[in-house]
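# Coordinate analysis (summary)
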Amino acid sequence: MSSIILMFLVRFLQVNNSQQNILIILNWNIGKSLPFVFQLLRVQSPEGTARVEVLDSDVTAHLFERIYEALNLNSFAFTLHKDRQRKEEITSSKSRQLRDCGLCHGDMIYLNPVNGAVLFEQSSTSSETHRKPLSESSRPVQSSEPGPSTSKVTLPIPPPPPGAPEEDEVDLQLYKVSGLIERQRDEKLCRHNLNGKCVHCTPLEPWDEEYLKEHNIKHMSFHSYLRKITSKNFVSLEELSCKIKPGCREHPAWPRGICSKCQPGAVTLMRQPYRHTDNVLFEHANLVERFLSYWRATGHQRLAWLYGQYESHPDVPLGIRARVAAIYEPPQSSSRDCIALETDPREELVQQIAQRLGLRRVGWIFTDLVPLDVSKGTVKHIRGVDTHFLSAQECITAGHYQNLHPSACRHAASGYFGSKFVTVCVSGDSSEQVHLEGYQVSGQCGALVRDRVLLPTRDAPDLAYVRDSSEHQYVPDVYYKERDEYGNEVGVSAKRLPVAYLLVDVPCGVAVGGPPTFGATATFPPANRPLQQHLQTLQALHRHIAASDSFLEAMSDLHVLLYLASNEALALGMESLAPLLDAVRLRDGDAAEAWRALPSAATLLHLAAADTGHVPAPLLLAEGVRAEGGRAVWTCAVCTFHNPPAAASCDMCAMPR
């Protein structure tokens, strides 16, 4: 009985690190036969050597816990061996005791991480600590046996410096998650218990090449790339510059002189291994169909802006997805082969409405469609491996738009690095069907476009031309890598540059479930379409409201909201529209109906009803509109002539009703 009491007393003092009291008790019991033996074991790890105090009657699982606490490890992803050659392993068990492993007082055991796991915190780069300090008293783990760490490992980066640009919400969310790819226990290969981990089930890093290849992910996400380059040390991202550094006083200005201090270095183009946006998701198919209706009516190409928001992508480790909620077509003149943008007087108004709705410009979309068989609805397959994916002119345009929409990054010296802005091309695929393909250009391409180095070519759309140096601009040498006839990778001058080196694929898709931001059955014509049947009028507004299930559903359309704010009959300011925009954003039908009853909104809606001819009776009596037999006159859609209700065709232009 005294031996049992003594064992519990030693265990209590061991937990509280009272080594001196333990030695006193052991000296007091010299000569007595005890059921246990106190042992002091040395543990050698990659970070140094430590000592742990155990009893020979302890199970090996308790040894793992003691080492985990003594070394302040991040996880239990480690193995223990009795020799340096890792031949005699000490497995974690709840039944096997230390005396069965042949361990004696003063023995050295060797700790090795599993599958390159990071067991120790990087104190030089970590901004947040997930372990206890060395001075804090260790406490036993409450779990019954060792298991993987449940603490979140955050990105080891310092907080953004004061005055730095505000980062996107999705970036701030991804900084807080570990990004590790969890794996289930393999029944065939794993030989440990359910709470253990081995090389076959240890979580993978988000940049693991085998995992990305297995799941058909061509490029790692940008945040995975950040974790990869900052896993060992802190780095500062800098964008490429092809301009002469200003302020050099050792020689006259270019073209009269240049030196190695101010001269930009030669550029070797490399395929970008990461992408800032990993997927483009349209909330419903009607978005694209509505955009393509102009091409189907005229055969002319079309360009538009994509409005939506960025969110985390669940299918890509630490990925970002651009969710498209609306498509806005700016003023443009187009034909079968080209598109020319015009000045948009309502651009700022569109931006204000989108911002109030929680949306932003996330990309641009354009068509390159040539009909093949109108009866079958097929189109020509123009773009592909044998021709080109994006032409040089389109790559330069995409780089220009990405430069206009930079992405804030705390790792960058300038506060910005890269861009999440996407490019979507609508063209024919190999099956001669309309197909969406998304792209981004690399950061090197953006720098070449920003510094006016790239030029498009006339004869080969898949090639770009690097501008020659002139007295107005110095252009550094540009190279790209390719394999020669012997299989060696050699540098080639990029005077005529294949734009494939500048592209990053971004998959596109359409959401299957989930409520969309705007209604999927909108019938109101999009803005800036010079077609008679696509004009935005009060009649079209009234028909759109009448065809909708509710007033909130009718107002849940970017083009309707823009027309309310910019129509010529009674334009409503942003102050008047603010309650309606909030109702649309919050999907509040009662708030939308309350806005409908406001004087300004009611006046505009009554004007729309009067212009259509379906005017409510109170409004007819108030305005003195004549009606025959209770029915109002109807207005011709072609010449706007008011005809009697019994007429089947227009009395002015003879067009049918």
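A short tour of the structure in this document, coming up. Computed from a predicted structure; not experimentally measured.

## Some thoughts on helix α8 (residues 347-356)
Turning to α8, its buried residues number three or more, namely Leu-349, Val-350, Ile-353 and Ala-354. An end-on view of α8 places all buried positions within 130° of arc, on one side of the element. Residues of α8 that are exposed and angled more than 90 degrees away from the buried face: Glu-348 and Gln-355. Close packing links the buried residues of α8 with β10 (303-313), β11 (319-328), α13 (558-566) and α14 (574-586). Trailing α8 by a residue or two, Gly-358 shows a phi angle of about 80°, which is positive.

## Things to note about the sheet that holds strand β23 (residues 496-498)
What links the strands of a sheet is backbone hydrogen bonding, and the strands pair in either a parallel or an antiparallel sense. The strand order across the open sheet built from three strands is β19-β20-β23, with neighbouring strands paired in antiparallel fashion. Unpaired on one side and paired on the other, β19 (454-456) and β23 mark the two borders of the sheet. Taken over all neighbouring pairs, the strand axes of this sheet differ in orientation by 45° on average, direction set aside. Pairing of β19 with strand β20 (residues 463-466), which is carried by three bridges, proceeds in the antiparallel orientation. Within β20, the residue paired with Pro-456 across the bridge is Ala-464. The strands touched by helix α9 (residues 392-404) within the sheet are β19 and β20, with β19 carrying the most contacts at an inclination of about 135°.

## Section: the sheet that holds strand β2 (residues 48-55)
One open sheet holds the five strands; their spatial order is β2-β1-β5-β3-β4, and the pairing between them is mixed. Each end of this open sheet is capped by a strand with a single partner; those strands are β2 and β4 (89-90). Along the sheet, helix α3 (residues 60-70) makes contact with β1 (38-45), β2, β3 (78-81), β4 and β5 (108-113), crossing β2 at roughly 140°.

## Topic: the pattern of salt bridges
Under the criterion given, the structure shown has 30 salt bridges. When the shortest N-O distance is used, the salt bridge between Arg-275 and Asp-278 registers 3.2 Å. Assessed through its relative accessible area of 1%, Asp-278 is described here as buried. Arg-321 serves as the salt-bridge partner of Glu-311, at 2.8 Å between the closest nitrogen and oxygen. Note that Glu-311 is positioned in strand β10 and Arg-321 in strand β11, a separation of ten residues in sequence. Overlapping salt bridges bring together Asp-168, Asp-171, Arg-360 and Lys-420 as one network.

Rules behind the numbers
- Residues numbered from 1 in each chain as written.
- Predicted model: local features only at pLDDT ≥ 70, side-chain atom pairs only at ≥ 80, totals over all residues.
- Heavy atoms only, no water.
- Buried < 20%, exposed > 50% of the residue type's maximum accessible area, 1.4 Å probe, protein only.
- Helix = DSSP H or I, 4+ residues; strand = E, 2+ residues; numbered from the N terminus.
- Arc of directions from axis to C-beta.
- Contact = heavy atoms within 4.5 Å.
- Pairing = 2+ DSSP bridges.
- Axes fitted to C-alpha atoms, helices over the stretch in contact; angles between N-to-C directions.
- Salt bridge = Lys/Arg side-chain N within 4 Å of Asp/Glu carboxyl O.

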